[in-house]
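# Notes for the structure review
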Amino acid sequence: MTVASIKPGQKIPATIVTGFLGAGKTTLIRNLLKNAQGRRIALIVNEFGDMGFDGSLLNGCADPDCAADEVVELTNGCICCTVADDFLPTMEMLLARDTPPEHIVIETSGLALPQPLVRAFSWPSVKTKVTVDGVVTVLDAAALAEGRIALDEEALAEQRAADEALDHDSPVEELFHDQLACADLVVLNKADLVSADALAEVQAKIAADVRPSVHIVASEKGTLPIEVLLGRESAAEDDMEARHEHHHHHHDHDDDHDDHDHDDDHHHHDHHHHDDFESFVIPVPSFASLKDVEARVLKGMAVKGVLRIKGAVAIEGKAAPAMVQAVGPRVETWFASGADGSGRLVVIGLKGLDLEAVKALFEAVAEAAE
Ligand SMILES: Nc1nc2c(ncn2[C@@H]2O[C@H](COP(=O)(O)OP(=O)(O)OP(=O)(O)O)[C@@H](O)[C@H]2O)c(=O)[nH]1
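Because the structure is a prediction, the values reported are computed rather than measured.

## Section: unusual backbone geometry
Even without glycine at this site, Lys 190 takes up a positive phi of about 60 degrees. As for its position among the elements, Lys 190 is in the loop between β7 (185-189) and α8 (196-207). Among the residues examined, Lys 190 registers 28 C-beta atoms within 10 Å and is labelled buried. With a phi angle near 55 degrees, Lys 221 is a residue other than glycine that sits in the positive phi range. Tracing the chain through its elements places Lys 221 in the loop between β8 (215-218) and α9 (226-229).

The following block contains the structure:
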């Protein structure tokens with residue numbers, strides 16, 4: 001990977017991973033870094049905790065699987081309370097590098113309010129260079145199935161008590177709702193610990209708490225395809241077919257669960273506890289305006305099972321193609337001169353997603369444009 005892979009004017013995408021203590025944020029990020037496929041990813045963590053790092057700035061990380069180019073720890077406690085002192089200088093430092101990262105992943109402490117962090121991306125020094133790719137909220141299905149937010153509520157209380165920088169004393173429930181309200185994608189993790197019925201019940205409850213078009217994906221150990229977690233792949237969209245294969249490989253990920261012959265309640269169920277994924281490339285006609293594309297893509301994101309829509313499309317009267325990136329209700333478009341592969345969108349989602357419904361949204365464009 002070279003610096004050249006970041007086109008001038010192209011913003012670096014940042015993914016915010018939020019969720020309560022023990023929900024599985026670190027596990028999800030580790031898995032993501034392992035599958036980074038050579039992408040230069042910087043990781044900003046709010047607390048090193050169980051990742052086993054020390055030092056405030058490491059070049060890469062001790063784990064041989066860890067593909068993070070840079071791991072930066074924010075030391076001043078709660079990320080949402082120290083945005084200006086800690087987070088912004090860290091971002092500026094990362095951006096000033098000779099080889100800036102291609103993607104930034106930020107793991108917030110379970111106690112952080114994500115909204116101030118999301119707002120920090122509109123600071124002038126950051127805004128022109130970085131864009132929020134998406135907010136991923138990781139939830140603990142096992143805890144929620146028992147009517148709790150975190151499995152270890154005592155540890156949660158301890159973390160709160162120990163966090164001196166925490167200058168908001170909102171109740172945990174409020175933090176939880178804030179984390180959900182911010183989510184572009186919800187990962188319902190630890191699905192292996194609950195029955196399919198309990199999982200469905202939790203999912204229905206959460207669905208009532210998120211914004212429209214925010215999808216909830218069940219996972220074990222946060223093993224989601226990288227295409228679902230991160231947008232804006234540096235590689236051309238053309239190799240989506242190859243990527244599709246990865247999705248199938250994804251089904252094999254949990255062979256380590258095969259050896260559960262113990263008669264434990266949680267492992268009785270033979271159905272699988274994670275979602276399977278697929279992706280499609282759909283050719284689309286040219287659009288009247290960016291607004292038009294955005295409106296259609298937003299409708300596409302509301303289709304059941306659609307987790308991401310991305311690609312490059314043509315806008316009438318414009319030489320440069322418009323790039324499209326959407327996750328949940330977050331739809332972004334921008335012009336990219338020199339980009340190729342215009343006129344197609346990639347739809348990524350849960351197996352069995354209603355592709356025809358998505359296609360219909362874009363066929364209608366052609367008629368309207370006559
Ligand atoms: N059974 C099960 N355990 C999981 C799953 N995902 C994570 N865990 C375990 O849950 C514990 C907490 O996971 P972490 O990834 O450290 O959670 P976290 O959200 O980063 O927690 P903090 O960093 O402490 O806020 C670890 O022991 C993980 O191994 C899962 O899907 N199923």
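Don't stop here, the text continues.
## A word on the site of the ligand
Around the ligand, 17 residues are found, and the nearest of them are Gly 24, Lys 25, Thr 26, Thr 27 and Lys 190. Among the elements that take part in the shell around the ligand, helix α1 (residues 25-34) stands out by supplying 3 residues, more than any other. When grouped by side-chain class, the residues that make up the shell around the ligand number 3 nonpolar, 8 polar and 6 charged.

## Remarks on the confidence of the model for the protein chain
This prediction gives the protein chain a mean pLDDT of 76; 69% of its residues lie at or above 70. Across residues 1-6, where pLDDT falls below 50, the model places 9 contacts with residues more than four positions away in sequence or in other chains. Residue range residues 234-270 is modelled with pLDDT below 50. Its contacts to residues more than four positions away, or to other chains, number 32 contacts. Complex prediction metrics read pTM 0.80 and ipTM 0.97.

## Remarks on the domain arrangement of the protein chain
In terms of domain boundaries, the protein chain breaks down into domain 1 (3-244) and domain 2 (276-369). Between domain 1 and domain 2, the contact holds 23 residues from the first and 22 residues from the second. Only β6 (130-140), β8, α9 and α10 (240-250) provide two or more residues apiece to the side of domain 1 that touches domain 2. In terms of residue count, α10 provides more of the side of domain 1 that touches domain 2 than any other element does, 3 residues in total. Of the residues belonging to the side of domain 1 that touches domain 2, the class tally is 8 nonpolar, 7 polar and 8 charged.

## Comments concerning the sheet that holds strand β12 (residues 330-335)
Strand order in this open sheet of 5 strands is β9-β13-β10-β11-β12, and the pairing throughout is antiparallel. This sheet does not close on itself; its edge strands, each paired only once, are β9 (277-283) and β12. This sheet shows a mean twist of 10 degrees between the axes of neighbouring strands, independent of strand direction. Helix-sheet contacts for helix α11 (residues 290-301) involve β10 (306-313), β11 (322-327) and β12, and the interaxial angle to β12 is about 150 degrees.

## Focus on the environment of Ile 315
Relative to the assigned elements, Ile 315 resides in the loop between β10 and β11. Judged by C-beta crowding, with 19 C-beta atoms within 10 Å, Ile 315 ranks as partly exposed. Once the C-alpha coordinates of Ile 315 and Val 293 are considered, the two residues, 22 residues apart in sequence, prove to be 8.7 Å apart. Apart from residues lying up to four places away in sequence, Ile 315 is in contact with Ser 286, Phe 287, Ser 289, Leu 290 and Ala 322.

What counts and how
- Residues numbered from 1 in each chain as written.
- Predicted model: local features only at pLDDT ≥ 70, side-chain atom pairs only at ≥ 80, totals over all residues.
- Helix = DSSP H or I, 4+ residues; strand = E, 2+ residues; numbered from the N terminus.
- Buried ≥ 20, exposed ≤ 12 C-beta atoms within 10 Å, placed from the backbone.
- Near = placed C-beta within 6 Å.
- Nonpolar A, V, L, I, M, F, W, Y, C, P; charged D, E, K, R; others polar.
- pLDDT = per-residue confidence, 0-100.
- Contact = placed C-beta atoms within 7 Å.
- Domains from an automatic or database assignment.
- Pairing = 2+ DSSP bridges.
- Axes fitted to C-alpha atoms, helices over the stretch in contact; angles between N-to-C directions.

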